[in-house]
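Take a look at the letters that make up each chain.
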Amino acid sequence: MNLTQKQTRAIDLLESEAITELLYGGAAGGGKSALGCFWLIFNCYEYPGSRWLMGRAVLKTLKETTLKTFFEIAAREGLVADVDYQYRENAGVIRFSGGSEILLKDLFAYPSDPNFDSLGSLEVTGAFIDEANQITEKAKNIVKSRIRYKLDEFGLKPKLLMTCNPAKGWAYESFYRPFKAQQMPHDRAFVPSLVTDNPHISRHYINNLHTLDKASKERLLYGNWEYDSDPAALIEYDAILDLWKNDFVAEGEKYITCDAARFGGDAAKIAVWSGWRIIGWHSLPKCSMTHLADQIEALMTKHNVPASHVIVDEDGVGGGVFDIFRDYKRKAIKGFLNGSSPLEEATPQGRVKPNYANLKAQCYYRLADRINHGGVYIACPMPTEEKERLIQDLEQVKQKDMDKDGKRAVVPKEKVKELIGRSPDGGDTLMFREWFELKPKKELVFR
Ligand SMILES: Nc1ncnc2c1ncn2[C@@H]1O[C@H](COP(=O)(O)OP(=O)(O)O)[C@@H](O)[C@H]1O
Ligand SMILES: [Mg+2]
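Keep in mind the model is a prediction, meaning the values are calculated, not measured.

Draft legend 1. Main features of the pattern of salt bridges. Following the criterion strictly, the structure yields 34 salt bridges and no others. Across the pair Glu434 and Arg366 runs a salt bridge whose closest N-O atoms are separated by 3.0 Å. Taken together, the residues Glu434 in the loop between helix H16 (425-431) and helix H17 (435-438) and Arg366 in helix H13 (residues 359-372) connect sequence positions 68 residues apart. Arg366 sits in the partly exposed class, given a relative accessible area of 21%. When the shortest N-O distance is used, the salt bridge between Arg433 and Glu437 registers 2.9 Å. Residue Arg433 is classed as buried on the basis of its relative accessible area, which comes to 2%.

Draft legend 2. Seen up close, the side chain of Arg56. Along the chain, Arg56 turns up in strand E2 (residues 51-56). Residue classification places Arg56 among the buried residues on the basis of a relative accessible area of 10%. Among the polar contacts made by the side chain of Arg56, one reaches the side chain of Asp130 at a distance of 3.5 Å. Every residue in contact with Arg56, bar those within four places of it in the chain, is listed here: Thr61, Leu62, Thr65, Thr66, Lys105, Asp106, Leu107, Asp130, Glu131, Gln134 and Ile135.

Draft legend 3. Representation of the sheet that holds strand E1 (residues 21-25) in the model. An order of E3-E4-E5-E2-E6-E7-E1-E8 is seen for the eight strands of this open sheet, with the pairing classed as mixed. The sheet is open, and its two borders are formed by strand E3 (85-88) and strand E8 (188-192), each paired with just one other strand. Strand-to-strand twist in this sheet, taken as the mean axis angle between neighbours without regard to direction, amounts to 15°. Of the strand pairs in this sheet, E1 and strand E7 (residues 160-164) are connected by five bridges, and their pairing is parallel. When the bridges of E7 are listed, Gly25 appears paired with Cys164.

Draft legend 4. Region of interest: the domain arrangement of the protein. You can read the domains of the protein as domain 1 (5-220) and domain 2 (237-438). The centre of domain 1, based on its C-alpha atoms, is set 41 Å off from the matching centre of domain 2. In this assembly, six residues from domain 1 lie in contact with seven residues from domain 2. Carbon and sulfur atoms make up 30% of the area that domain 1 and domain 2 hide from each other, which totals about 560 Å². For the domain 1 face of the interface with domain 2, the top three residues by lost area are Lys168, Glu173 and Arg177, together amounting to 75%. Inspection of the domain 1/domain 2 interface yields four salt bridges. Across the domain 1-domain 2 interface, the total number found is four residue pairs in polar contact (both at pLDDT 80 or more). A per-element tally of the side of domain 1 that touches domain 2 places helix H7 (residues 170-180) first, with four residues. Of the residues assigned to the side of domain 1 that touches domain 2, the class counts are one nonpolar, no polar and five charged.

Draft legend 5. Representation of the site of ligand 1 in the model. Near ligand 1 lie 17 residues; those nearest to it are Asn2, Gln7, Lys32, Ala34 and Glu72. Contact distances for ligand 1 include 2.9 Å between a nitrogen atom and a side-chain N or O atom of Gln7. In this structure, Lys32 approaches ligand 1 through a main-chain N or O atom, which is 2.8 Å from an oxygen atom. Per-element accounting of the shell around ligand 1 gives the leading share, three residues, to helix H2 (residues 32-46).

Draft legend 6. Focus on the sheet that holds strand E9 (residues 254-259). The six strands lie next to each other as E13-E12-E9-E10-E11-E16, forming an open sheet whose pairing is mixed. Two strands close off the open sheet at either side, each with one partner strand: strand E13 (334-336) and strand E16 (377-378). Here six bridges tie E9 to strand E10 (residues 268-274), and the two strands are oriented antiparallel to one another. Across the sheet, residue Ile256 finds its bridge partner in E10, namely Val272.

Rules used in this analysis
The residue count restarts for each chain, going from 1 along the sequence in the order it is written. Here the convention is simple: chains get letters from A, ligands get numbers from 1, in the order in which they are written. Selection of residues for local features in this predicted model requires a pLDDT of at least 70, selection of side-chain atom pairs for listing and counting requires 80 or more, and totals for whole chains, interfaces and linings are taken over all residues. The side-chain figures draw on all heavy atoms in the structure; neither hydrogens nor water molecules are used. The rule for a salt bridge is simple: a side-chain nitrogen of Lys or Arg has to be within 4 Å of a carboxyl oxygen of Asp or Glu. A run of H or I in DSSP counts as a helix once it spans at least four residues, and a run of E counts as a strand once it spans at least two, with each numbered from the N terminus. For every residue, the accessible area (1.4 Å probe, protein chains only) is compared with the maximum for its type, and the residue is labelled buried under 20%, exposed over 50%, or partly exposed between those bounds. The definition of a polar contact used here is a pair of N or O atoms within 3.5 Å, where within protein one atom must be able to donate a hydrogen and the other to accept one, and adjacent residues in sequence count solely through side-chain atom pairs. Working rule for contacts: check all heavy atoms of both residues, and any pair within 4.5 Å makes them a contact. The criterion for strand pairing is that DSSP finds at least two bridges linking the strands in question. Geometry is summarised by axes, namely lines fitted to C-alpha atoms with helices restricted to the contacting stretch, and by angles between N-to-C directions that run from 0 to 180 degrees. Where a domain begins and ends is set by an automatic assignment or by a domain database. Defined here as a combined quantity, buried area equals the accessible surface (1.4 Å probe) lost by two parts on assembly, summed across both. Only Asp, Glu, Lys and Arg are considered charged in this grouping, and only Ala, Val, Leu, Ile, Met, Phe, Trp, Tyr, Cys and Pro are considered nonpolar; every other residue, Gly among them, is considered polar. What makes a residue near a molecule or strand is one non-hydrogen atom of that residue sitting within 4 Å of it.

Structural data, given as structure tokens:
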């Protein structure tokens, strides 16, 4: 088989000493499955008696897609089924006449087997996971830990080849982001490959990709990782980028919102607002509650923000900041309680209590709507890394239990943490600002 340039590069990297994990693809039709199947066949011949894993989230899909590509590539390599290799469907294994074998594995995290005990006694020489974004990082790590079969005998290092389409999951965090920032650990590699890198693809295939909806086209045709297609996302990606361009958003009353952080944990964030413009953004890593309270107080003085216009998260560690203001600074700032009941909203029918699971859900739904309509402007400078984190935080604002009726809720913080590996503090800092819109303002009385 004539490998494409990108496929050749991937194979070269897999042969190099340093690389143990390689991610290939990040778009449709770039020859991802073909590369994986070729690599497995090549290894089975190169190392007679070796054992390889071919995995995908769902075994049924593996058999319907990746395995079809395997037969196609095997034929291309001149291999004859039932002569050069045998496929045993029930056992889920392909055996080569030279003694090597490929095991087909289901890598979905079933609730009945959260620790993948089913893979417990497995030992393989190497592994190929197709569409790795569909499995959890834990599943990937367990597969990696099983790569040890006859490695010394063949003089091999453990090698894991994965492919995927773009998505905001662990592959984004562990491969795409460091790749883009040119901070890839020395034992990992990412080889991007688009449909245009694959001369073997049919014109119809490319034409089809052009007919997709915008987000799918961005991801699958152009390999754009920033377009997460999750239909549960409440804020549109383009609207998030507009946050830095909406210079028409009016100035107004001053506010300070703050998401405090545990000492040594995530960074505390402070936003200074003029109306719905953010005019100051401060990220304070490893900062004590006293220091944080002092910083907030300094910003209040600098920007003329009254204590009643300052809010911190009260149920987390922010409670400490709240107490410092009350007990030592004698200033009554506001506390945001995520789980408290939603507040009344002004509607044409008067003030009503809307159907949200809690205050946090209410404020995030409102913020999402506001951002989607260009109602927020980030007017102050923000370091690129902060900006990327905030974009990611806002992308993770998702509707929970989309299909069920009942109260509107957002995906809880623990789930978001699992996905992005940190707290969405930036997003929360913006969300707290909605509280001041909900709290009824005193009408001005002229005497
Ligand atoms: N090196 C190659 N030589 C010949 N055909 C290839 C090669 N790489 C990919 N193809 C073909 O291109 C098509 C798309 O490849 P595939 O691996 O299915 O893409 P992906 O998994 O990235 O969507 C398939 O028909 C495949 O057989
Ligand atoms: Mg494929």
